[in-house]
Amino acid sequence: MRLASLPLAPYRAAPRHSRKKRATSAFASRLVVMVKEPAVGRVKTRLARDIGAVRATSFYRSTCAAVLARVQRPGAWRTILGVTPDGAVGSAAWPRRIPRRAQGGGDLGRRMQRLMDTAPPGPVIVIGTDVPAIKPAHIHRAVKALGSHDAVVGPSPDGGYWLVGLKRRPHVPRAFASVEWSSSKALEQTLDNLSGLAIARIEQLADVDEARDLVSVGNAMGRIVLPAAS
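Since we're looking at a predicted model, the values are computed, not measured.

**Considering the environment of Pro 155**
Logical step 1: Examined against the element boundaries, Pro 155 turns out to sit in strand E6 (residues 151-155).
Logical step 2: According to the relative accessible area criterion, Pro 155 is buried, its value standing at 4%.
Logical step 3: Separated by 47 residues in sequence, Pro 155 and Ile 202 have C-alpha atoms that sit 7.5 Å apart.
Logical step 4: When residues no more than four places from it in sequence are discounted, the contact partners of Pro 155 are Gly 160, Tyr 161, Trp 162, Leu 187, Arg 201, Ile 202, Glu 203, Gln 204 and Leu 205.

**As for the packing of aromatic side chains**
Logical step 1: For the coordinates displayed, the defined rule picks out two aromatic pairs.
Logical step 2: Relative to Trp 181, the ring of Tyr 161 lies with its centre 6.2 Å away and its plane at 65°, an arrangement referred to as edge-to-face. Taken together, the positions of Tyr 161 in strand E7 (residues 161-166) and Trp 181 in the loop between E7 and helix H6 (186-193) put the pair 20 residues apart, joining distant regions of the chain.
Logical step 3: Each ring, one from Phe 176 and one from Trp 181, has its centre 6.3 Å from the other, and the planes form 45°; the classification is tilted.

**Thoughts on the layout of surface pockets**
Logical step 1: In this structure, the largest pocket occupies an estimated 1,200 Å³ of space.
Logical step 2: Along the wall of the largest pocket there are 40 residues; nearest its centre are Leu 108, Asp 130, Ser 182, Asp 207 and Asp 209.
Logical step 3: Looking at the lining of the largest pocket, the elements with two or more residues in it are strand E2 (30-36), helix H2 (45-51), helix H4 (108-118), strand E5 (124-127) and E7.
Logical step 4: Here the lining of the largest pocket takes four residues from E7, the largest share from any one element.
Logical step 5: Across the lining of the largest pocket, the residue classes break down as 17 nonpolar, eleven polar and twelve charged.
Logical step 6: Approximately 170 Å³ is the volume attributed to the second largest pocket.
Logical step 7: Forming the boundary of the second largest pocket are 13 residues, of which Pro 74, Trp 77, Arg 78, Thr 79 and Pro 99 lie nearest the centre.
Logical step 8: Top contributing element to the lining of the second largest pocket by residue count: strand E3 (residues 78-84), with three residues.

**Remarks on the nonpolar core**
The nonpolar side chains of a soluble globular protein tend to be buried, and buried together.
Logical step 1: Counting 31 residues, the largest nonpolar core has Ile 127, Ile 139 and Leu 163 as the members making the most contacts within it.
Logical step 2: Residue contacts for Ile 139: discarding those within four places in its chain leaves Leu 31, Val 71, Trp 77, Ile 125, Ile 127, Ile 134 and Leu 163.
Logical step 3: Membership of the second largest hydrophobic core comes to 20 residues, among which are Val 32, Met 34, Phe 176 and Leu 191.

**What to know about the confidence of the model for the protein**
Logical step 1: On average, residues of the protein score 86 in pLDDT, and 82% of them reach the 70 mark or higher.
Logical step 2: Contacts for the low-pLDDT stretch residues 7-24, under 50 throughout, to residues beyond four places or in other chains number 25 contacts.
Logical step 3: Note on residues 219-230: pLDDT is under 50 here. Beyond four places in sequence and across chains, it has 27 contacts.

**Structural notes on the pattern of salt bridges**
Logical step 1: The final tally for this structure, using the stated rule, is six salt bridges.
Logical step 2: A salt bridge links Asp 130 to Lys 44, with the shortest nitrogen-to-oxygen separation between them at 3.2 Å. Pair noted here: Asp 130 is in the loop between E5 and helix H5 (136-145) and Lys 44 is in the loop between E2 and H2, with a separation of 86 residues, a long-range link.
Logical step 3: Exposure remark for Lys 44: the relative accessible area of 13% places this residue in the buried category.
Logical step 4: In the salt-bridge network here, residues are joined through shared partners; they are Lys 44, Arg 46, Asp 130, Asp 209, Glu 210 and Arg 212.

The rules we used
- As a convention, each chain's residues are numbered from 1 in the sequence order in which they are written.
- Local features in a predicted model are, by the rule used here, given only for residues with pLDDT of at least 70; side-chain atom pairs are given and counted only at 80 or more, and totals for whole chains, interfaces and linings are based on all residues.
- The side-chain values count all of the structure's non-hydrogen atoms but skip hydrogen atoms and water molecules.
- A run of H or I in DSSP becomes a helix once it reaches four residues, and a run of E becomes a strand once it reaches two; helices and strands are each numbered from the N terminus.
- A 1.4 Å probe rolled over the protein chains alone gives each residue an accessible area, and that area as a share of the maximum for its type sets the label: buried under 20%, exposed over 50%, partly exposed in between.
- Whether two residues touch is decided by their heavy atoms; if any such pair falls within 4.5 Å, the residues are in contact.
- Stacked, tilted and edge-to-face pairs are distinguished by plane angle, under 30 degrees for stacked and over 60 for edge-to-face with tilted covering the rest, among Phe, Tyr and Trp rings (Trp via its six-membered ring) whose centres lie within 6.5 Å.
- Points on a 1 Å grid over protein atoms alone make up a cavity when a 1.4 Å probe fits among them but cannot get out, and a pocket when they form an open set with protein on both sides within 12 Å along at least five of seven lines; lining residues each have an atom within 4 Å of a point.
- Grid points are joined across faces, edges and corners, and a volume is the space filled by probe spheres set on the points.
- Ten residue types, Ala, Val, Leu, Ile, Met, Phe, Trp, Tyr, Cys and Pro, are classed as nonpolar, four, Asp, Glu, Lys and Arg, as charged, and the remainder, Gly among them, as polar.
- Think of a nonpolar core as a cluster: buried Ala, Val, Leu, Ile, Met, Phe, Trp, Tyr and Cys residues, connected wherever their side-chain atoms sit within 4.5 Å.
- A residue's pLDDT is the confidence the predictor assigns to it, expressed on a 0 to 100 scale.
- The salt bridge definition used is simple: a Lys or Arg side-chain nitrogen within 4 Å of an Asp or Glu carboxyl oxygen.

Here it is in structure tokens:
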């Protein structure tokens, strides 16, 4: 396994004259944002144990809205929502202009693998919505990394990762088999599954699972979500 660490370069939007051409490419990069129907008691359950289900759901809704507003970049990549449960695909919780796919059943690994397997041709990057610090620059760097690497990961301080991307050429690797999710081994085990491939690593970002994690991204519920600017 060849693992390269890439510095985070400033994000620069594509010139207007090139956006249409890149957006319509048969092998356009796709960003899949995994989202969960924001029903009280069904999202951020670990955080809810600390701050209450209503506040945890409010956090999830706010962070999800901010991340989605930030990462939509027509011409640089195509954004798709990976929705769970499947029956929520038509929910009004997210912008209707963003295409949606059902995640399907199984654990997180099976659902991510399914999204990787069924996406149209081209590189695919997957992120969640519980990392308030995600910016277009991070996604841009991941897209660029897949131009010269087979895979890219964005690690989390807890041993997991907030981003994973696969070039998917000449085949789609089985990246998520037998991974112990929500454990300190998740990143290590995923990298083991990608053994022999060229892997890039971008900036480490913290997700929010518990009340103590809020300190790393801000001190108050109403202040931790970044504005939608890049």
